[in-house]
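# Coordinate analysis (summary)
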Amino acid sequence: MIYMKKASLNDIGCVIQRIDWSANNYYTSYSENLDLTEQNDDGTLKYNYYVRNRYDLVFKCLSNNNGAPSTYEPYFQPGSYSTNNIYQGPDLYKWKYMYTIDAGSK
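Being a predicted model, the structure only gives us computed values, none of them experimental.

### Describing the packing of aromatic side chains
For the structure shown, the criterion picks out seven aromatic pairs. Measuring from centroid to centroid gives 5.2 Å for Tyr75 and Tyr87, while their planes differ by 50°, and the two rings are tilted. You can see Tyr75 sitting in the loop between strand S2 (57–63) and strand S3 (86–88) and its partner Tyr87 sitting in strand S3, a full twelve residues away along the chain. Taking the relative accessible area as the measure of exposure, Tyr75 reaches 28% and is therefore partly exposed. Aromatic rings pair up to connect Tyr27, Tyr93 and Trp95 into one cluster. Across from the ring centre of Tyr30, 4.2 Å away, lies the NZ or CZ of Lys60, which sits over that ring.

Quick look at the structure:
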């Protein structure tokens, strides 16, 4: 061994595939019955059930309006979500706010 560095808990973090929200894409509704770790041939997730918006907020898709494309980016604005952190846009997608990515984690 030529080099070693001790890593602390502050040096590591959970990493998931980045899925940026974009208009007119289809997102999968979260379900316990799907294998949400299943991958395509290129190694990307088969089911896009969560997204990151342009404000670094991460949302999980709860309902995809029966498979329709998403046309409104999920976001938080006073009065735009319920007390359970659920946002429903005019496209009838329902999104659950999960967390915000802090600037140091990008």
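### Considerations on a nonpolar patch on the surface
Taken together, the side chains of Ile16, Met98 and Tyr99 define a hydrophobic patch exposed on the protein surface, amounting to about 280 Å² of accessible area. Assignment of secondary structure puts Tyr99 in strand S4 (residues 94–100).

### Some points on the pairing of S4
Every regular strand shows the same layout, with side chains that alternate between the two sheet faces. Strand direction decides the pairing type here: S2 and S4, joined by six bridges, are antiparallel. When the bridges of S4 are listed, Lys60 appears paired with Lys96. Of the strand pairs in this sheet, S3 and S4 are connected by three bridges, and their pairing is antiparallel. Residue pairing across strands places Ile86 opposite Lys96, the latter belonging to S4. Where S3 folds back onto S4 in an antiparallel hairpin, the turn is made up of five residues, including Leu92, whose phi is positive at roughly 70°.

What counts, and where the lines are drawn
- Residues numbered from 1 in each chain as written.
- Predicted model: local features only at pLDDT ≥ 70, side-chain atom pairs only at ≥ 80, totals over all residues.
- Heavy atoms only, no water.
- Phe/Tyr/Trp six-rings, centres within 6.5 Å; stacked < 30°, edge-to-face > 60°.
- Helix = DSSP H or I, 4+ residues; strand = E, 2+ residues; numbered from the N terminus.
- Buried < 20%, exposed > 50% of the residue type's maximum accessible area, 1.4 Å probe, protein only.
- Lys NZ or Arg CZ within 6 Å of the ring centre and 35° of its normal.
- Patch = residues over 30% accessible without salt bridge, like charges linked within 9 Å, V, L, I, M, F, W, Y side chains within 5 Å.
- Areas by Shrake-Rupley, 256 points an atom, 1.4 Å probe, with all protein chains shown as cover.
- Salt bridge = Lys/Arg side-chain N within 4 Å of Asp/Glu carboxyl O.
- Pairing = 2+ DSSP bridges.

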